Amino acid sequence: MIYLLGGSGYVGQAYQALLTRKGIPFRNLRRADLDYTDVAKLTAVLKADRPEFLINAAGYTGKPNVDACELHKAECLFGNAVVPGRIAEACAAAGVPWGHVSSGCIFSGARPDGSGFREEDTPNFTFRTNHCSFYSGTKALGEEVLAGHPNVFLWRLRIPFDHVENPRNYLTKLMRYQRLLEATNSISQLHEFVAATFACWEKRIPFGTYNVTNPGQVTTHEVVDLILKSGVCRKDYSFFKSEDEFMHVAAKTPRSNCVMESAKLAAAGIRLTEVHEAVALALRQWQKA
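Since this is a predicted model, take the numbers as computed values, not measurements.

### Quick look at the pairing of strand E5 (residues 152-157)
Every regular strand shows the same layout, with side chains that alternate between the two sheet faces. The element E5 is largely enclosed, with a buried count of six among its six residues. The pairing of strand E4 (residues 98-103) with E5 spans six bridges and is parallel. Following the sheet pairing, Val-101 is matched in E5 by Trp-155. Of the crossover connections in this fold, the one passing from E4 over helix H4 (residues 134-146) to the parallel E5 is right-handed. Pairing of E5 with strand E10 (residues 208-211), which is carried by four bridges, proceeds in the parallel orientation. Bridged to Arg-156 within E10 is Asn-211.

The following block contains the structure:
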């Protein structure tokens, strides 16, 4: 049996769909049923049920976007930095291996040569290194808390998208925003992400940190062009003149825009679809909410 934390969220629901499709028994452990942020309570239930593996898809992202985290800092810090440490403590005590959904939003830009950040690179969009968003800062702290813990995967997700209209879907956001910021990013097709992360456990690849993004990089303009070409949304898109204008007019906190390298995952035999192809496929299969 698999334990799933945060199963009601955008990412968590995708894990539920994957496990159901595979016919794998799982328990979606809700905080309303058991406060899994309590180390003693989580340890006790893990020792009693002895799940084969635990997936933590819980975290604080802010609604409708990371700007909300600036207004709810205590909740954001607790959900993204404190809770992972408590889960690690409980899993270690019960002898349960697990995986944690982290974020690539702890990086900004690219490596000096223009290539994507690798797992061994030090995050540069954190409380320690940059004027980051509070959300990014707490996600980086979450990784620090887990550093050195055995038997855990850290899976870095970047700007998830899929083929179903949803406020959390990057494609939906682009269709709904009045003006857009031109940026270059690595992004993650949601269902490929959950399949790839679970494959880490199924294939028993080495524990550690993995960038789970679709290979390549894509600009906002390129995604918009694919949206218009698909016919899913026909409107006149407009862009901010600069990031400074974006920050002045539309945002309360800086955004992470970065390129990531997923070669480590591919070397382990787990491959995702090239990013432009993945976006085009999602748009061909587009479903309205």
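Still to come is the rest of the account.
### Comments concerning the pattern of salt bridges
On inspection of all chains with the given rule, the structure shows ten salt bridges. With a closest N to O distance of 3.0 Å, Glu-245 and Arg-179 form a salt bridge. Pair noted here: Glu-245 is in helix H8 (residues 243-249) and Arg-179 is in strand E7 (residues 179-180), with a separation of 66 residues, a long-range link. According to the relative accessible area criterion, Arg-179 is partly exposed, its value standing at 31%.

### Quick notes on the environment of Ala-147
Within the element layout of this structure, Ala-147 appears in the loop between H4 and E5. For Ala-147, a relative accessible area of 56% puts it in the exposed group. In sequence terms Ala-147 and Leu-228 are 81 residues apart; their C-alpha atoms lie 43 Å from each other.

### Let's talk about helix H2 (residues 39-49)
For H2, the complete set of buried residues consists of Val-39, Leu-42, Thr-43, Val-45 and Leu-46. Where H2 is buried, its residues contact strand E1 (2-5), strand E2 (26-29), strand E3 (53-56) and helix H3 (73-94). At the N-terminal end of H2, a side-chain oxygen is found 3.0 Å from the backbone nitrogen of Ala-40, two or three residues along, and the residue is Asp-38. The positive-phi residue at the C-terminal boundary of H2 is Arg-50, with phi of around 50°.

### What to know about the environment of Ala-268
With respect to the helices, strands and loops of the structure, Ala-268 is situated in the loop between helix H9 (263-267) and helix H10 (275-284). Overall, the relative accessible area of 27% leaves Ala-268 in the partly exposed class. Along the backbone, Ala-268 and Ile-205 are 63 residues apart, and their C-alpha atoms lie at a distance of 6.7 Å. Not counting the four nearest positions on each side in its chain, Ala-268 is found in contact with Lys-203 and Ile-205.

Reading guide: rules and limits
Residues numbered from 1 in each chain as written. Predicted model: local features only at pLDDT ≥ 70, side-chain atom pairs only at ≥ 80, totals over all residues. Heavy atoms only, no water. Buried < 20%, exposed > 50% of the residue type's maximum accessible area, 1.4 Å probe, protein only. Helix = DSSP H or I, 4+ residues; strand = E, 2+ residues; numbered from the N terminus. Pairing = 2+ DSSP bridges. Right-handed = clockwise from strand over helix to strand, strands pointing away. Salt bridge = Lys/Arg side-chain N within 4 Å of Asp/Glu carboxyl O. Contact = heavy atoms within 4.5 Å. Polar contact = N/O pair within 3.5 Å; in protein donor to acceptor, adjacent residues only side chain to side chain.

Everything listed here is a matter of coordinates, which is why it stays silent on function.
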